[in-house]
Structures are given as structure tokens and as C-alpha cells.
Amino acid sequence: MNIFEDYDAISQCNKCGFCQEACPVFRSTGHESGVARGRLALMRGIIEDRVQWTKELEDPLFNCLGCGACTASCLADVPTADLVIKGRAEYLEKVGRKPIHKLLFEQLLPYPKRLHMAARAAAFGKNSGMSKVAKALGLLRILGRDFAKAENIVEKLPPVPFRGLVKPGEYPGTGDTLRIGYFIGCGVDVIQQEAGQESLKILKKIGKTVTVLDNCCCGLPAWTYGDIDAAQKLALKNLEAFSSQSFDVIVTDCSSCASFLKKYPKVFQGDEKNQDLAQAQTPLFQDMVEFIFKNGYSTPTGKSPIVVTFHDPCHAVRGQGISRENREILKNIQGVEFREMPEADWCCGGAGSYALTHYDLSMKVLDRKMKNVESTEADFLVTSCPACMIQLSHGIRRAGLNTKVCHISEIVTGAKPKG
Amino acid sequence: MVNENFIRELEKIVGKSNVSVTNTGIELYSYDASLVKGNPGVVVFPANTQEVSQLVKAANKEGIDIVPRGFGTNLSGGTISITHGLVICLSRFNKILGIHPESRYAVVQPGVTNLEVQQALAKVGAFYAPDPASQKVATLGGNAGENSGGPLCLKYGVTSNHILGMEIVMADGEILRIGGPALDPPGFDLRGLMVGSEGAMAITTELTLRTLPKTQSVITMLAVYDDIQAAALSVSKIISAGILPNTLEMMDALVIEAVEASISCGYPLDAAAVLIIEVEGMIVGLKEQAEQIKEICMTNQCRDIKIAKNQEERNLLWKGRKGAFGAIARLAPNYLVNDATVPRTSLPKALEQIKIIAQKYECRVGNVFHAGDGNMHPLLLFDSRNEGELEQVHKAGWDIMKACVDLGGTISGEHGIGREKQEAMKMIFSGDDLNTQQTVKFAFDPENILNPNKVIPLSKSPGRPLESFEPTILKRLGGASCKGVVQAMAAIKNAKDAGKSVIVVGADTFSHYGNICKQDVTPVSTLSMTDIIEYDSDNQFITLGAGMSLHGLQEILGKNNQWLPLRPPFFGNKASMGSLVAMGISGPERMFYGAPRDFLLGLQYIDSQGRIISTGGKVVKNVAGYDMTRLLTGSNGSLGIITEATWRLLTRPELCKALSMTGNLDDCFGAVLELMNANLFPAFVTAVPVNNIPEDNGTDQFPKLWKMVVGFEGMANVVEHQVEQCSLLLGKHKLKELETWDYPLIDGCFKDIFNKIAMAPYTLKLATATGKMLDLINVINSIDGIKAQARMSDWLLDFGCGRIFSALDSLDKDQWASLTHGAISLDGHVHLEKAPDDFRREQDVFGGVLRPEWAMMHKIKKALDPHSLFAPGRMPGKKEYEV
Ligand SMILES: Cc1cc2nc3c(=O)[nH]c(=O)nc-3n(C[C@H](O)[C@H](O)[C@H](O)COP(=O)(O)OP(=O)(O)OC[C@H]3O[C@@H](n4cnc5c(N)ncnc54)[C@H](O)[C@@H]3O)c2cc1C
Ligand code: SF4
Ligand code: SF4
């Protein structure tokens with residue numbers, strides 16, 4: 001990995017500074033190290049030999065949320081989030097990789113069961129200090145920064161993984177034709193199982209068959225960390241698993257996974273064979289939100305009316321360009337009043353290893369989000385990414401709001417509000 | 001050089017985490033949006049004014065240069081430290097401190113972005129007019145630093161027209177407040193000077209902005225042309241027809257192509273140019289305006305004109321314009337954007353020149369610019385990785401500036417000089433002009449530590465003034481060749497040689513003005529300076545000698561249905577234009593039209609060394625150099641003798657109509673507060689007492705019943721509509737007895753009242769924010785002996801401008817001090833426009849309490865007029881600061 005290859009893309013930044021408006025990190029710090037212009041300037045500085053690979057680069061490279069907001073307002077359309085990942089990859093090579101990343105990416109993420117067990121073990125052992133495993137797990141967005149020491153986490157952490165309850169394999173549905181693959185993200189598998197159950201209900205109602213996949217982590221955590229090797233291994237493992245069966249569509253209720261699955265061809269840049277394999281499957285992947293929007297789903301009525309607002313996961317709104325569908329779905333449910341919140345598409349601050357490594361910053365970004373949530377007075381804060389759900393719930397607790405966080409599937413099936 | 005100790009010192013002030021000194025930290029502040037680069041020694045992020053002050057003091061002690069920085073989006077190298085100094089970044093100053101739509105102002109910290117202010121104001125139905133295309137990421141501090149403009153500036157003017165006050169940290173660390181919500185404080189226009197000073201005079205830590213109520217409706221049009229020259233011609237035809245759209249933006253073929261490729265917003269790909277024209281205001285009359293524009297375009301070879309049918313279509317049209325820079329930016333890694341300005345009618349020629357220059361240097365150029373005010377923005381594309389290309393675009397940029405100046409324009413309309421255009425200053429200013437500007441900077445910053453070595457070209461021998469030379473390109477008309485100027489120069493020389501001071505007498509209308517000093521003064525007349533040096537009615541400006549009377553000027557302009565929309569109070573028919581500049585005064589119409597400071601484009605004056613110094617130019621957008629025009633305006637002749645001035649003009653309104661209704665003061669005030677942020681645009685909002693002498697004699701003479709008088713000026717049907725709406729609004733507040741009448745354009749409504757007030761021994765002017773007018777009245781009424789004066793029936797409450805004009809029979813020292821204190825406590829100020837000689841000898845007519853900013857004024861005075869040659873006594877704080 002060498003950022004020199006991206007010299008052209010990096011030089012395309014003309015330093016206009018327009019990304020400053022969009023970047024949640026910059027808006028919290030006001031420091032150039034936290035904005036696309038600055039990150040690109042440093043990478044250009046490295047290429048042009050004014051800046052050296054040292055630990056000083058860790059912050060500017062790793063405090064990027066990868067949310068892509070900068071690119072959306074970038075005059076020159078510079079793909080900073082992607083370039084930063086390349087920068088991270090080279091950083092890991094030149095400055096060094098930490099053992100806990102190896103542990104996470106190579107030992108835990110490829111094996112969902114191991115991941116779940118490790119999480120339980122770490123949660124129970126929370127009082128005995130942060131173990132190495134706990135630290136590694138804390139890097140995962142789905143568990144959240146406070147994972148290893150937070151109260152209540154044991155009660156919240158289900159005793160068996162989702163796929164312990166719903167074994168991988170084919171289930172019959174009530175639909176006529178569609179053969180659906182259900183990709184289980186780590187978040188649903190390990191924690192947000194209620195959301196998973198509701199998603200499964202929706203899929204079963206619409207599909208002729210629903211296959212709960214025996215996939216592993218999509219690879220996004222490794223990719224965002226810049227560990228491209230590990231990301232490729234995980235992606236390949238999944239691609240091979242999918243191609244052994246035949247589906248009309250592969251759905252996931254995690255927008256982050258969905259966006260990364262769609263990105264697989266990019267992960268294999270320069271590796272033609274695997275890129276072709278990825279390319280062939282890309283058209284199959286759908287975010288749960290797209291799936292519901294396309295196929296429709298009628299909700300049981302008779303519930304008390306509720307007010308909801310929606311948080312756009314970065315990987316939905318910018319990663320996949322989904323922003324209208326989720327709102328349309330919510331607006332069309334009887335008894336649901338949808339209220340748009342200000343800056344709904346702003347990152348919640350929980351991205352990647354972020355919440356762990358840049359706690360204060362992450363909380364600043366999150367607090368801003370909570371102010372916006374509060375202004376809507378919504379009963380439910382809905383989103384479509386289990387990792388965002390963890391971060392948002394943390395924010396709600398911090399801010400002492402009454403709003404509840406849930407997955408869009410839970411609103412669609414009527415599981416929320418309860419009763 | 002920055003050393004370890006200094007860094008420790010900084011860390012003590014702002015905390016370690018707010019100091020950046022690492023290699024990467026430095027690299028991150030080595031650039032801004034311009035092409036200039038340079039490494040700072042250290043970067044700090046203070047949290048409050050106290051910290052800024054301490055930082056400045058620390059830097060002073062070590063002799064380290066300081067560069068203030070907002071979000072670093074300026075295009076002239078203004079935030080680059082070229083001496084490896086201290087960069088003070090104000091990004092943490094990000095709070096909006098207060099919004100007061102009823103008084104039309106807001107207070108913000110300098111690190112707030114322009115867009116954040118707009119969003120906050122929109123919630124209360126108000127807006128802030130300057131709207132740079134970079135508004136999402138440009139801070140108010142940066143806007144003020146560069147005197148930024150945007151599309152809306154065609155109608156509303158640039159940043160300088162909308163900054164009321166500031167808190168600044170001076171080069172020695174002193175914290176000072178200048179201006180504020182109350183208009184035009186006595187003495188020099190320091191905030192006028194600060195705006196556009198590019199961080200070289202002081203560091204801004206707070207700003208008071210003038211806000212306006214949002215208009216009701218808007219019509220946006222896209223005019224398509226097959227010939228770019230025809231588009232340019234339409235622009236000047238629209239303006240010279242007397243229509244003032246709020247925006248008139250142009251894009252050429254390369255830009256259209258690029259925009260359509262990235263955004264696709266419906267610009268025809270085969271067009272040579274498009275114009276985006278927008279008019280806004282009351283619904284009534286707006287359609288007619290749009291029709292009129294359409295007609296003008298069509299007679300000027302417009303292919304097609306499309307009117308946006310709804311908000312969506314409107315957004316789409318603007319999306320193209322706002323994304324234009326970006327779309328172009330995709331065509332090449334870098335661009336140099338030039339922002340030279342020309343008189344509007346020269347746009348076709350300027351475009352032709354730009355094309356030829358681009359061909360000569362073989363660089364691609366796209367034009368997207370503020371056509372309405374002649375502000376070009378040619379974008380020259382290149383790749384900075386290729387040294388040869390960089391040199392070529394720099395040369396092309398230089399030639400474009402030359403071409404524009406040759407057409408009577410200037411080198412920068414809104415982006416500033418900074419480092420990039422420093423040498424080009426010689427195109428438009430003489431050596432003496434530039435040395436004078438530098439002298440003012442050094443009055444603020446004697447050690448030259450604030451953003452040093454920028455704006456003014458460097459002299460060959462460091463530390464010495466520039467040698468004498470004439471501007472290399474610009475030919476300034478007038479000067480010593482005009483009538484009366486040589487005589488005045490001789491008179492000044494004689495007085496100087498005789499060790500005397502001089503005071504200008506124009507028509508001798510203002511001999512009662514200012515304080516009386518011990519110095520022996522010689523009167524110098526400007527009355528013979530009556531030349532009309534250049535009157536360009538198409539471009540709507542006039543340059544004329546200082547001795548011409550305002551009355552005479554209006555007559556000349558009337559022949560072209562134009563005028564200078566100023567009705568200064570206490571101004572006789574003969575009062576000269578020079579005195580209008582010197583005093584900078586304005587009547588109640590200031591709320592709608594502005595003051596002399598808003599209409600002056602440039603000046604020439606004789607300075608204390610007997611030289612003719614030029615300021616500004618003749619184009620409406622001009623940010624080249626420090627704003628000497630504003631410094632001179634309202635300086636009461638204490639910096640030099642103004643010989644000629646260039647004024648911006650307007651087309652005469654069709655109709656001037658006033659209405660009056662009567663009620664008690666509280667009801668009037670309630671109506672005022674609503675009217676100030678309503679969807680109505682009065683030329684003035686005033687009240688006068690109804691009955692002259694109250695019944696009971698002596699105890700309570702404050703008038704009970706007031707007549708509110710509100711005027712409207714503009715297109716007849718719009719005026720009629722507003723008068724009607726306004727009467728409804730006043731009626732809602734229980735005001736009664738509606739009367740309406742047309743009033744004369746030149747004399748306006750208040751000539752008689754002002755004349756009456758001026759008959760008293762004392763003529764008093766007090767100012768505060770509109771929302772505090774009642775409090776100010778209470779202050780007056782609470783002072784012993786003032787309330788009981790019969791003359792108090794001569795009042796003019798200028799609500800729209802937050803001012804009170806009144807007459808007094810007597811005023812003693814204590815009363816004067818109390819009045820001053822009272823006004824200051826309401827963020828206001830006081831001023832005696834007229835007072836008996838004794839008072840003027842003993843007291844200070846500019847205020848009974850010393851104000852800290854006056855010391856700064858005297859520093860400037862001392863630098864520019866060391867022997868106090870000009871108008872002694874006409875500055876505030878005479879006793880304390882003058883010898
Ligand atoms: C794509 C693009 C489009 C643009 N469009 C426009 C436009 O339409 N109109 C326009 O006028 N400009 C435009 N600009 C230029 C730029 O955005 C403006 O000059 C803007 O006002 C700069 O704001 P900033 O916060 O970035 O200031 P900076 O660049 O940080 O500073 C600008 C200057 O002000 C000084 N300064 C900043 N803060 C303070 C302070 N608190 N006290 C004292 N001095 C201070 C600095 O020293 C510097 O000299 C554009 C720029 C870009 C990149
Ligand atoms: S991806 Fe997000 S966090 Fe990273 S630079 Fe862009 S806007 Fe900032
Ligand atoms: S918006 Fe794009 S081009 Fe502009 S500074 Fe940011 S990354 Fe660079």
C-alpha cells in the first residue's frame with residue numbers, strides 16, 4: 001500500500017476549505033487536522049517529502065470518521081474517506097500495527113461464534129480491568145466504547161448469538177417467488193437481536209424462502225482501520241459462502257454492512273479474479289430499507305400514535321445514497337408522525353474504532369446530535385444500523401432523554417411501540 | 001523566532017492542547033485557499049478575548065509576528081505567516097451572542113460562519129446581507145478581514161456596509177470596543193478602517209452586525225445568450241435603466257459546460273453565456289420589474305429568458321451558480337481566481353481582454369462572476385505540481401489585473417490583497433498613497449507585528465517608505481489640475497510655515513461645529529473647487545470638486561433622473577460636498593439608503609505634507625488597500641483637506657410618500673418595534689411631538705402625544721401598497737388620525753424640523769439601538785434641569801436609526817456628563833451638533849466622558865498630521881489628547 005499511487009486524487013484538493021462545513025470532527029475541534037483539507041494536505045506533504053511517517057500522523061489519519069460528508073460538499077469531489085484508509089494502511093506498515101488489531105481482525109471477526117463468546121466473557125469480567133480481548137472488542141462499533149466497563153451490559157448481552165436462536169439455513173416464507181439471503185451483521189448477531197427478529201419477520205412475509213446466512217464479519221472494521229489484508233480475507237470468506245447458493249437478493253438490516261458489501265469490488269482493486277467474483281454478486285446486495293421500500297410492507301394498526309425521527313447512518317446516506325426511502329416508509333405507517341431533525345445526516349460520532357480512540361471528540365459529535373434529537377421531541381429515534389443504535393442509546397442516556405432508540409424494522413412490523 | 005520558552009508561555013495561556021507546534025501541526029497551517037505557502041512557527045487556539053490579549057502581549061515581549069486566522073478560505077494569502085510567527089486561530093470563537101431584529105443588529109463572535117449567522121437570523125425573519133459564495137465556511141472575522149462580498153452585494157453593499165461595531169485586541173494587547181449598535185459614534189470611523197484591514201491592524205474578537213428584515217418574495221430568472229458580449233451589455237443596460245436586482249450573475253460557456261456535467265441544472269449547453277437575475281421585494285411591483293428586465297434582455301439579443309416557477313426550480317438555478325467554482329475545480333487540480341473589477345459598462349471589453357490573455361499564456365479560463373457590480377472572477381486552470389504552469393497563470397492573472405485597471409477598475413473587488421496582489425497595488429496607487437496607508441497601519445501597530453509585510457508593496461530598503469511614483473496603470477482624473485486645488489495647497493503651505501492651523505470653510509454653514517481650541521486657525525476655502533471631474537451616468541458615479549453644493553449636485557443629477565440619496569440634517573442649500581464628506585452626517589433616511597460612508601467610492605485630499613493623496617477608486621466593489629476613504633469620511637477635516645470625491649448614485653424613486661398617525665409614546669414604540677422587522681421597507685421611521693407646550697407649566701413638560709411619521713420611497717405602486725400596509729400596522733397599535741402626503745425628493749420631510757431645532761443654542765444628537773430608545777428618553781428625562789426646558793418640545797425621534805435630535809437652551813458640565821453616561825450605559829453615544837462658544841471652549845461637544853477609543857483616533861491623527869495642522873478641536877477628546 002502506497003499513497004503515492006493516489007497522488008493525482010490527493011492533489012485534486014485545491015484547499016478551498018468547503019469541507020470544513022460538513023466535517024463533524026472539524027466542527028467539534030476547529031482544527032485543520034480534523035478535516036479533509038488537512039488530512040489531504042498531510043498526505044500530499046508525505047508524498048512531496050515535507051512530512052514524515054511518524055506517530056504525529058496518527059490523529060489526523062485515525063480521527064476521521066470516514067463518514068464521507070466532506071466529499072459530498074467537496075467542490076473537486078475528492079474521495080477523502082477512501083484516501084484516508086489508504087493512508088492508514090501505509091501508516092500501519094510504516095509506523096506499526098498494534099497487536100490488539102491483529103487479535104480482533106484475525107482471530108475474532110472471521111468467526112462469529114468466537115466473537116460472541118469473547119464478548120460475553122469480557123462483559124462478565126468487566127470488573128477485573130480491561131483485558132486484551134475486551135480492549136480489542138471495544139474497537140468494534142457494535143459494542144461501543146463503554147462496552148468493557150459499562151453497567152447493564154451483561155443483561156443486555158444476550159446469552160446466545162442470534163444464530164444460536166435462529167440456526168443458519170433456509171426457512172419458508174409466505175411470498176411467491178423471492179429467494180432471499182439474510183446477511184447477519186455482527187451487531188444483530190451479538191446484541192441487537194430484537195431488531196434481527198423483526199427483520200426476519202419482514203423477510204419471511206415477502207420472500208418465498210429466507211436463508212439465514214452463515215456469514216462472518218463483512219470486513220468493514222478492518223477496512224476502516226486500514227488493515228486491507230484482513231478486510232480482503234473476510235470479504236472473500238463471505239463471497240465464497242454466498243456463491244455456493246443461489247439467491248435473488250441478499251438483504252442485511254445493517255446499513256454499514258450493506259454499504260460495505262456493495263463496495264467489495266473496490267476492496268479487491270488490482271486483484272482481477274476476486275474483483276470479478278465480487279462484481280458478480282454486487283447487484284444482489286440490498287439494504288433492509290431499500291428492500292422494504294421496494295416490496296412494501298403493511299403494518300398492523302391499532303397502536304397508540306407515536307412521533308418518530310430518523311438518524312441517517314453515514315453508510316446509508318452517503319455510502320449508498322439512501323435518504324428518501326426510510327422517510328417514505330415511516331411517513332406511510334399509520335399512527336406514526338415523522339419529524340425531521342436538524343442535521344439528520346450528521347455522523348453520530350461512533351464510526352469505526354473512533355468512539356474508543358477518540359472518546360472526547362466522539363462525545364462532542366454525539367452531544368450535538370442529541371440536541372437535535374431533543375428538538376424534535378420524538379418518542380422514537382429510528383435508524384437502520386445496529387452500530388449507530390449503540391452509540392445513539394449511549395447519547396440518549398448521557399442526555400437523559402426519554403426518546404427510545406430502535407431499528408426501522410421494529411417500527412415497520414409494529415413491534416415498537418410495544419402493546 | 002519561536003523558541004521553547006515562548007511555547008511554554010503560550011501553553012500557560014491557552015493550555016497545552018490548544019497549541020500546535022509539531023511538524024504536522026505546522027504543515028496544517030502552512031496554507032489557505034490561495035496559492036501562497038509558508039510555515040508558521042506555532043499555532044494557538046484561544047477561547048476568549050482575555051486569552052487573545054495575553055497571547056498578543058506574550059508575542060510582543062518576544063518580538064514575534066502574529067497572523068490572525070479564521071477558517072483560512074481567503075484567496076490572497078492573508079493567513080500565511082511569512083515570518084514563521086504565531087498564528088492565532090479564532091475557530092473556537094464560535095458563538096452567536098445576541099440577535100435583535102427589532103433593532104436590526106446581531107452580536108457574534110468572529111469564528112461563527114456566515115451561514116450559521118444566516119440560519120440563526122432566518123428563524124426570526126431577518127438576514128445579514130453579505131453572502132460570499134464561501135459562506136458555509138467563511139467566518140465573520142474573515143469576512144470582516146477581507147471586506148467580503150457576494151451576489152446580494154449588488155443591492156445591499158459589501159461587508160463594510162453591514163458592520164456596526166467590534167471588539168478588538170490591539171497590537172499591544174489592549175482590548176478596545178469600537179462602534180456598536182448605535183450608528184456613527186463621534187470621531188473617526190474606526191470600524192470602517194478595520195473592515196478590510198486583513199488582520200494587519202488589530203484582532204477582532206466580537207462583531208456587531210447590521211441585520212435586515214427578510215423580503216417577501218423573489219423572482220429568479222435565467223437569461224440565455226449566444227454572445228457573451230450581448231450578455232454583458234444587458235447587465236449594464238438593466239442597471240442604467242434604474243433597476244436594482246439583488247443579484248446579476250454571469251457564467252460563460254466553459255463554466256456552463258462544467259456545471260452541466262456535474263450538476264445538470266438546465267443551462268443550455270450551446271449557450272455562450274447565461275445570466276442569473278434575481279429581483280426581490282414586495283410582491284406588488286415585482287412582476288413588473290421582472291417584465292422590464294425581460295424586455296431589456298430581449299432587446300439586447302437574449303435568446304431566451306426563463307423564470308423559475310417555484311422554489312425547486314429556483315434552487316436548481318442557484319445550485320448551478322453556487323456549484324460553478326466546484327464544477328470548474330474538477331477540470332484541473334488548481335485554479336487561480338482573480339477578482340479584478342471594472343465599471344459595469346466595460347464588462348464586454350474586460351471579457352475580450354481576458355480571452356486574449358488566456359490565449360497568450362495558453363491556460364484555460366472560465367468566467368463566473370458578479371456581473372452586476374463588474375466584479376470579474378476569471379478562473380485560470382492549472383496543476384500546481386507543474387512549476388511552469390504556476391508561473392504562466394500568475395503572469396496571466398497579472399495581465400488581467402492590468403487590463404481591468406486600465407478600464408478604470410481595480411485589482412480586487414472582494415478577495416483582498418494579502419500576499420498575492422501586493423505588488424499590483426502599484427497599478428492603482430501612488431507611492432505617497434501607499435505610504436499614507438502604511439502610516440495608518442503603523443499607528444495601530446507600531447512594531448509591525450500584526451500580519452506584517454502584506455497588502456502594501458515592500459520597499460527596496462526594508463523599513464523605509466516607498467519611493468515616490470505615480471500609479472503605473474490607473475489614471476486618476478482631477479487632482480492638482482482642478483479648480484481651486486493649487487490655491488488651497490498654497491494656503492496650507494503658508495499656514496504651515498507660519499505655524500498656524502487651518503480649518504476648511506466651505507459655505508460657512510458649520511462654523512459652530514466642534515470644539516474651540518487655543519490654536520490660531522487660518523480659514524481655507526474650498527468653494528472654488530466646483531469642477532465636475534467625471535460624471536458617468538451609465539455606471540452611476542460622479543467625481544466632483546469639494547466646493548460643489550449638494551443642492552447643485554442634485555440639480556445636475558436630476559437631468560439624468562439620478563440623485564445622491566442623502567438628506568443631511570442642518571444642511572443649507574449652499575453647504576458643500578466637502579463638508580458632507582468631512583462630517584459624514586445623515587438624516588432619518590439612513591436606515592434605508594445609508595450614510596455618506598456608504599456612497600463614497602473614492603477621495604482625493606491634501607495631506608499635512610501638502611501632497612495630494614488618493615483613496616479608493618470609482619467602482620462599487622473595491623477592497624484594494626486599507627479603507628482610507630472611510631477613515632477620511634466623518635473625520636471632520638482633521639486629517640486633510642478634501643478636494644474631490646467620487647460618489648455612487650441611484651436612480652430617483654418614482655414616488656416619496658409619508659404617512660402619520662398619532663398616539664402616546666408607548667404605543668408608538670410598540671409600533672416601531674414591529675415595523676422594524678416587518679415586511680415593509682420604510683425610508684424612515686420617526687416621531688415628533690404633537691402639542692408644543694404642555695398645559696401645566698414647568699413640572700412635566702415632556703410631550704405626551706406623538707405623531708409617528710413614516711416614509712416610503714420607490715416605485716409608485718410599491719410605495720402606495722406599503723403606505724397602506726404600514727397604516728394598518730400602526731392602527732393595530734392604537735395609533736389614530738391617519739394622514740398621508742407626498743413629499744419632495746431632495747428636501748425630504750424634515751427640513752423644517754431640523755431648522756427649528758438648529759435655532760436653539762444647543763443642538764443635541766443622541767444615539768442607541770432602536771430597542772433602547774425609550775430607555776434613552778428616560779435617561780434624558782431623569783436628569784435634573786433638562787426635562788424642564790421648554791425647548792424640549794423640539795424633538796425628532798429618529799426611531800429607524802435609533803437617534804434622538806433635540807434642542808436645549810442650557811446645558812451644564814454635570815448634565816452633559818450625566819447624559820453621556822446614560823447613553824453609554826445603553827451602548828450609545830451623544831454629540832452636540834451645535835453649542836455656544838463658551839461651551840465649545842470649556843467642554844467637549846463629542847461627549848462629556850472620555851472614551852478609550854478616542855486615544856486610538858489621536859494616534860492616527862498624530863501619525864498623519866503630526867503638527868496638528870488640520871481642524872484642531874474637531875476631534876473628540878481635545879483636552880486630554882491634544883496639546
Ligand atoms: C471557493 C471559494 C469561493 C469564495 N467566494 C467568495 C465570495 O463570493 N466573496 C468573497 O468576498 N470571498 C470569497 N471567497 C474568499 C473567502 O472565503 C473570504 O475572503 C472569507 O471572508 C474568508 O473567511 P475565513 O474565515 O476563511 O478567513 P481567513 O481566510 O481565515 O482570513 C481572512 C483574512 O482575515 C483576517 N482575519 C480572520 N479572522 C480575523 C480576526 N478575528 N481578526 C482580525 N483579522 C482576521 C486574516 O488575517 C486574513 O487576512 C471564496 C473563497 C473560496 C475558496
Ligand atoms: S470522512 Fe467525515 S470525518 Fe473524515 S474528513 Fe470527511 S467529513 Fe471529516
Ligand atoms: S472541499 Fe475538497 S477541494 Fe475543498 S479543501 Fe476540502 S477536500 Fe479540498
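Remember, it's a predicted structure, so these values are computed and weren't measured experimentally.

Parameters and conventions
- Residue positions are given per chain, counting from 1 as you read along its sequence in written order.
- Working convention: letters from A go to chains and numbers from 1 go to ligands, in the order in which they are written.
- For a predicted model such as this one, the threshold for reporting local features is a pLDDT of at least 70, and the threshold for listing and counting side-chain atom pairs is 80 or more; totals across whole chains, interfaces and linings nevertheless cover every residue.
- The side-chain values count all of the structure's non-hydrogen atoms but skip hydrogen atoms and water molecules.
- Angular values range over 0 to 180 degrees, each being the angle between N-to-C directions of two axes fitted as lines to C-alpha atoms, with helices fitted over their stretch in contact.
- Secondary structure is summarised from DSSP: a helix means a run of H or I of at least four residues, a strand means a run of E of at least two, and numbering begins at the N terminus for each.
- Whether two residues are in contact is decided by their heavy atoms: any pair within 4.5 Å suffices.
- Ten residue types, Ala, Val, Leu, Ile, Met, Phe, Trp, Tyr, Cys and Pro, are classed as nonpolar, four, Asp, Glu, Lys and Arg, as charged, and the remainder, Gly among them, as polar.
- In this entry, domain limits derive from an automatic or database-based domain assignment.
- As a working definition, buried area equals the accessible area (1.4 Å probe) given up by two parts on being put together, with both sides summed.
- For salt bridges, the criterion is a side-chain nitrogen of Lys or Arg within 4 Å of an Asp or Glu carboxyl oxygen.
- Two strands pair under a simple rule: DSSP has to find at least two bridges between them.
- For each structure, a 1 Å grid was placed over the protein atoms alone; sets of points admitting a 1.4 Å probe that cannot get out are labelled cavities, open sets with protein on both sides within 12 Å along at least five of seven lines are labelled pockets, and lining residues have an atom within 4 Å of a point.
- Grid points are joined across faces, edges and corners, and a volume is the space filled by probe spheres set on the points.
- Two N or O atoms count as a polar contact when they lie within 3.5 Å, although within protein this holds only if one can serve as hydrogen donor and the other as acceptor, and sequence-adjacent residues are included solely when both atoms are side-chain atoms.

Let's shift gears to the packing of helix H23 (residues 665-676) of chain B against helix H26 (residues 773-782) of chain B. All names here are of chain B. Here H23 crosses H26 at 145 degrees, and the two axes come no closer than 10 Å. Between H23 and H26, the contacting residues are Leu 665, Asp 666 and Phe 669 on the first element and Met 773, Leu 774 and Ile 777 on the second. Of the residues in the contact of H23 with H26, the class split is 5 nonpolar, no polar and 1 charged.

Turning our eyes to something else, we now look at unusual backbone geometry. Put simply, Lys416(A) and Pro417(A) share a cis peptide bond, and its omega is -5 degrees. Inspection of the secondary structure assignment puts Pro417(A) in the segment after helix H26 (408-412). Positive phi, normally seen in glycine, also occurs at Arg104(B), with a value near 60 degrees. Tracing the backbone shows Arg104(B) in the loop between strand E5 (96-100) and strand E6 (105-108).

All names here are of chain B. Split into domains, chain B comes out as domain 1 (4-89), domain 2 (96-213), domain 3 (215-331), domain 4 (479-651) and domain 5 (655-863). Each of domain 2 and domain 4 has a C-alpha centre, and the two are 27 Å apart. Tallying the contact residues gives 22 residues for domain 2 and 17 residues for domain 4. The largest share of the area that domain 2 buries against domain 4 comes from Phe 188, Asp 189 and Leu 193, three residues that together contribute 29% of it. On inspection of domain 2 and its partner domain 4, the count reaches 2 salt bridges. Linking Asp 189 and Arg 597 is a salt bridge whose minimum nitrogen-to-oxygen distance equals 2.8 Å.

All names here are of chain A. Read across the sheet, 5 strands follow the order E1-E3-E2-E4-E5 without closing on themselves; strand pairing throughout is mixed. Of all the strands in the sheet, the pair left with one neighbour each is strand E1 (169-172) and strand E5 (285-287). The mean angle between the axes of side-by-side strands here comes to 30 degrees, regardless of whether they run parallel or antiparallel. Where strand E4 (residues 249-252) lies against E5, 3 bridges are found, and the strand directions are parallel. The residue bridging Ile 250 from the neighbouring strand is Phe 285, located in E5. Against the sheet, helix H14 (residues 193-206) makes contact with E1, strand E2 (179-183), strand E3 (209-212) and E4, and its axis sits at roughly 170 degrees relative to E2, the strand it touches most.

With that settled, consider empty space enclosed by the protein. All names here are of chain B. For the structure shown, the criterion picks out 14 cavities of 30 Å³ or more. One number sums up the size of the largest cavity: a volume of about 760 Å³. Taken together, 48 residues form the lining of the largest cavity, with Thr 73, Asn 74, Gly 142, Glu 146 and Ser 148 sitting closest to its centre. Among the elements of the structure, strand E3 (66-69), helix H5 (140-146), strand E10 (203-210), helix H11 (311-322) and helix H12 (324-329) are those that each provide at least two residues to the lining of the largest cavity. The greatest single-element share of the lining of the largest cavity, amounting to 6 residues, is contributed by H5. Its residues assigned to classes, the lining of the largest cavity shows 19 nonpolar, 23 polar and 6 charged.

It is common to give the size of an interface as the accessible area lost on bringing the parts into contact. Counting residues at the interface gives 34 residues for chain A, matched by 33 residues for chain B. Three residues stand out in chain A for area buried against chain B, namely Phe18(A), Glu56(A) and Leu75(A), and they jointly supply 19% of the buried area on that side. If you look at where chain A meets chain B, you find 5 salt bridges. Across the pair Arg69(B) and Glu32(A) runs a salt bridge, and its minimum N-O distance is 3.3 Å. On inspection of chain A and its partner chain B, the count reaches 17 residue pairs in polar contact (both at pLDDT 80 or more). At the level of elements, helix H1 (7-11), helix H2 (19-22), helix H3 (24-29) and helix H4 (36-47) of chain A are the ones that each hand at least two residues to the side of chain A that touches chain B. The element best represented in the side of chain A that touches chain B is H4(A), accounting for 6 residues. Per-class residue counts for the side of chain A that touches chain B are 11 nonpolar, 12 polar and 11 charged.

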